[in-house]
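Coordinate inspection notes
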Amino acid sequence: MDTDLYDEFGNYIGPELDSDEDDDELGRETKDLDEMDDDDDDDDIGDHDDDHPGMEVVLHEDKKYYPTAEEVYGPEVETIVQEEDTQPLTEPIIKPVKTKKFTLMEQTLPVTVYEMDFLADLMDNSELIRNVTLCGHLHHGKTCFVDCLIEQTHPEIRKRYDQDLCYTDILFTEQERGVGIKSTPVTVVLPDTKGKSYLFNIMDTPGHVNFSDEVTAGLRISDGVVLFIDAAEGVMLNTERLIKHAVQERLAVTVCINKIDRLILELKLPPTDAYYKLRHIVDEVNGLISMYSTDENLILSPLLGNVCFSSSQYSICFTLGSFAKIYADTFGDINYQEFAKRLWGDIYFNPKTRKFTKKAPTSSSQRSFVEFILEPLYKILAQVVGDVDTSLPRTLDELGIHLTKEELKLNIRPLLRLVCKKFFGEFTGNNVYHSNFFSPSDGDSDGPLMCHTTKMYSTDDGVQFHAFGRVLSGTIHAGQPVKVLGENYTLEDEEDSQICTVGRLWISVARYHIEVNRVPAGNWVLIEGVDQPIVKTATITEPRGNEEAQIFRPLKFNTTSVIKIAVEPVNPSELPKMLDGLRKVNKSYPSLTTKVEESGEHVILGTGELYLDCVMHDLRKMYSEIDIKVADPVVTFCETVVETSSLKCFAETPNKKNKITMIAEPLEKGLAEDIENEVVQITWNRKKLGEFFQTKYDWDLLAARSIWAFGPDATGPNILVDDTLPSEVDKALLGSVKDSIVQGFQWGTREGPLCDELIRNVKFKILDAVVAQEPLHRGGGQIIPTARRVVYSAFLMATPRLMEPYYFVEVQAPADCVSAVYTVLARRRGHVTQDAPIPGSPLYTIKAFIPAIDSFGFETDLRTHTQGQAFSLSVFHHWQIVPGDPLDKSIVIRPLEPQPAPHLAREFMIKTRRRKGLSEDVSISKFFDDPMLLELAKQDVVLNYPM
């Protein structure tokens, strides 16, 4: 290496070198520039000085190494310059537009066997409209049945042979979970057995007990229900509840015994046993109906045409009438209506005399239902399942069913479906419903507009809602102005009403909507543009001229929401987004309640774990798209008393001019439930109300006539009684403050003294009242808080207790798992009330009660202990007193330890108070006046309470 070319630090100091070819780009560019400049120099020698780059002095900050974004992308393009660290690498700087899609919808109107115009024309004729809700227990085949109707009317929609179509499970969550979550309306035109067309509005409802609020919303706008019962499982938990609900709503009930193929292919019952099983189901349903209904004529029987038999999977559906008609079509000269009347019950056919008799002609003869209906059915199924190659073609020839060679090579299930379809003709699932069980009784289409909406369906992207309801009178037009009355609207207080403009109108058919420009009375309709003021249900009427219109009463659910979860956004700045999301789920789920506690936490109340899981999915994914934290689930409690107050409690108003004295005592057993179920109503006149309490609960005449109010609302389970005597108290003065005392009583019973929960099952008696003469001294501001205080003190003096909600659980499990079910229940304070084998199947049914607060994770626990063989459903049943005294100071609650039973009430109370941000313990002095406390001290009652 040449040492003269470098200094001692290794820097090159020799003669200048030429740039190599492989030198960096920059060098090459400058060289090119130099050459270009040389070319220029030849042309114009005048500019010689300006054009030599790199020669003039450029300050550091003015140097430009790279072209600006504007030069690169042009002036019209918005460019964002990001600092390196503000955004993670996984997130794109400019996000792609994400289309939110939560429902499966058809892109175009599918082909139907009828013209859409024909469907629209049928809407004008209310005699030909049938509004029906399909309901039943979980997985008893409602959705599958609707699929059969859809396949019958939509030639291009077919199910893949290995899975169900589930046309009405339109939410992706429903498809994934394999269970209905929302009620879905379907409108189709179906012919009856004579070929006359009817317009069917069918509501397919979820079968899970948690979602029975969806059923309620469907029942409200229907004229009748079709109750689905699985032939193998029989009457289950939800079947029973739905019968009761439908009878209370005074709807026509028909029954469809579905999945009859299970009796043959799965349980392998002989035909006679299958008949007994079917008859047993019909008898059980009739037993339940007579239990809940006062109407003697409400009886279900295949002979009356209000029971049909079906198997949706194989497109079988028949009534006695339609099966008899198959015989009539095959053999001619049979009066099929008369024949059908002899196909059920203990009736036998005597082949010698060719007559039907009540007595069996020989010892081996079968009942007519078995001989004429079940045996042919068994034969067809057995031939298809058993002997496809040899004897099946012969049998099919006899029946006049022709199949091609390809069709005979099908797998068993599709083949069975095909054969049944050809044998029973088109799926006549409708002949049951055509009989005039459900003829609508709506007003005329020319009257004033009245439309009742019971459901809200969100759009595909979850931004806005469409209201779904029934037009009961008048005609609703697209684009017309309407007045939307909310649930709090009354003729006196018109605040909850708003004028809106209707957007478009649709007829909804699960996965597609048919747009129409007007909808006359008697039809269901999906309305755009009125969703903003509606929360749950609404009444839509004319904007002017129909001022006298009252609202349709809000839905009355057959279950109570007792489980609560508290939610908050992970990032506090996203609170407004979460609140907006809460408003939207509140619209979407009929019985969901959301409220803000005193401590500021947002609480969601729902019917069960699955229900709240779906709500949270919608809240996180669909409506607010933010991270949300959820607290451990808890339940709502109630407060009650078990004895009469130990002394009369009084309180004076702040101005010392009025004094109220009360005592509290528990109500009679069953009375609270009667008030809640509206067996007795406060709006009745005095005489009728008095008679009810005298006869049913033997109150004396005076007390029964002086009931002032129920609380905390018109159907609240507490009673306020005026027990003062006219000789001691000026009744006119007392009457003048009645409203204020009632308001104080209702406020007190709405938030009890133990932990701000509802008071339940307590009767408050006013024993004495001193009321000021001057109206000025007895205003609401003086009386209301005082009445509330005296309610509290009377309550605390009457041995207060906490009540917790109990669930009724129905578990189905094989016999060897029963002991495991007992173990799991016992660990959670549950107790079994009944276990019995299900007739005609290898399973047991176990019925039990379990406290709702211990039911979280019960299902999962049960599955792990029985290897997934047990299946349970639980639903709110009743309130029960929590063991232990909530005010017992001697109990020490140790953290992170399960408490023994007598400490539970104390634990629940303290933890609920902590959660709500109240002081640890109930302080008595807050509710008692000084004179009252002196009175107490005299009687030594104050041992237990902190001052």
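Above this text you will find the structure in question.
Here is a short report on the structure shown in this document. This structure is a prediction, so every number in the text was calculated from the model and none was measured.

**Comments concerning the pattern of salt bridges**
A complete count under the given rule lists 45 salt bridges for this structure. In this structure, arginine 342 engages glutamate 338 in a salt bridge whose closest nitrogen and oxygen atoms are separated by 3.4 Å. The exposure class assigned to arginine 342 is partly exposed, which follows from its relative accessible area of 32%. When the shortest N-O distance is used, the salt bridge between lysine 687 and glutamate 691 registers 3.8 Å. Here lysine 687 pairs with glutamate 691, and both are found in helix 20 (residues 686-697), just 4 residues apart, close to one helical turn. Overlapping salt bridges, with partners in common, bring together Asp230, Lys259, Arg262 and Glu266 in one network.

**Quick notes on unusual backbone geometry**
Look at the link from glycine 711 to proline 712: it is a cis peptide, with omega at 5°. Within the element layout of this structure, proline 712 appears in the loop between strand 28 (707-711) and strand 29 (718-722). Despite not being glycine, aspartate 756 shows a phi value in the positive range, around 60°. Within the secondary structure layout, aspartate 756 lies in the loop between helix 23 (738-750) and strand 30 (758-759). Looking at aspartate 756, the relative accessible area reads 24%, which means it is partly exposed. We note that leucine 896 has phi near 60°; this positive angle belongs to a residue other than glycine. Residue placement: leucine 896 occurs in the loop between strand 35 (871-881) and helix 27 (904-915).

**Focus: the nonpolar core**
One broad trend across soluble globular proteins is that nonpolar side chains are buried collectively. Val530, Ile604, Ile741 and Phe764 are the most contacted members of the largest nonpolar core, which has 152 residues in total. The contacts of isoleucine 604, once residues within four sequence positions are left out, are Ile563, Lys564, Ile565, Val567, Leu582, Leu592, Thr593, Thr594, Leu612, Val615, Met616 and Leu619. In terms of nonpolar packing, the next biggest core, distinct from the first, is built from 69 residues, Leu227, Ile229, Ala246 and Tyr378 among them.

**Let's talk about the packing of aromatic side chains**
Counted by the stated rule, this structure contains 36 aromatic pairs. With centroids separated by 5.9 Å and ring planes inclined at 50°, the aromatic side chains of tyrosine 275 and tyrosine 276 adopt a geometry described as tilted. Tyrosine 275 gets classed as buried once you look at its relative accessible area, which sits at 0%. The residue whose ring lies beneath lysine 182 is tyrosine 589, and the NZ or CZ to ring-centre distance is 3.4 Å. The positively charged end of lysine 763 is found above the aromatic ring belonging to tryptophan 699, 4.2 Å away from the centroid.

Thresholds, definitions, all that
- Residues numbered from 1 in each chain as written.
- Predicted model: local features only at pLDDT ≥ 70, side-chain atom pairs only at ≥ 80, totals over all residues.
- Heavy atoms only, no water.
- Salt bridge = Lys/Arg side-chain N within 4 Å of Asp/Glu carboxyl O.
- Buried < 20%, exposed > 50% of the residue type's maximum accessible area, 1.4 Å probe, protein only.
- Helix = DSSP H or I, 4+ residues; strand = E, 2+ residues; numbered from the N terminus.
- Core = buried A, V, L, I, M, F, W, Y, C linked by side-chain atoms within 4.5 Å.
- Contact = heavy atoms within 4.5 Å.
- Phe/Tyr/Trp six-rings, centres within 6.5 Å; stacked < 30°, edge-to-face > 60°.
- Lys NZ or Arg CZ within 6 Å of the ring centre and 35° of its normal.

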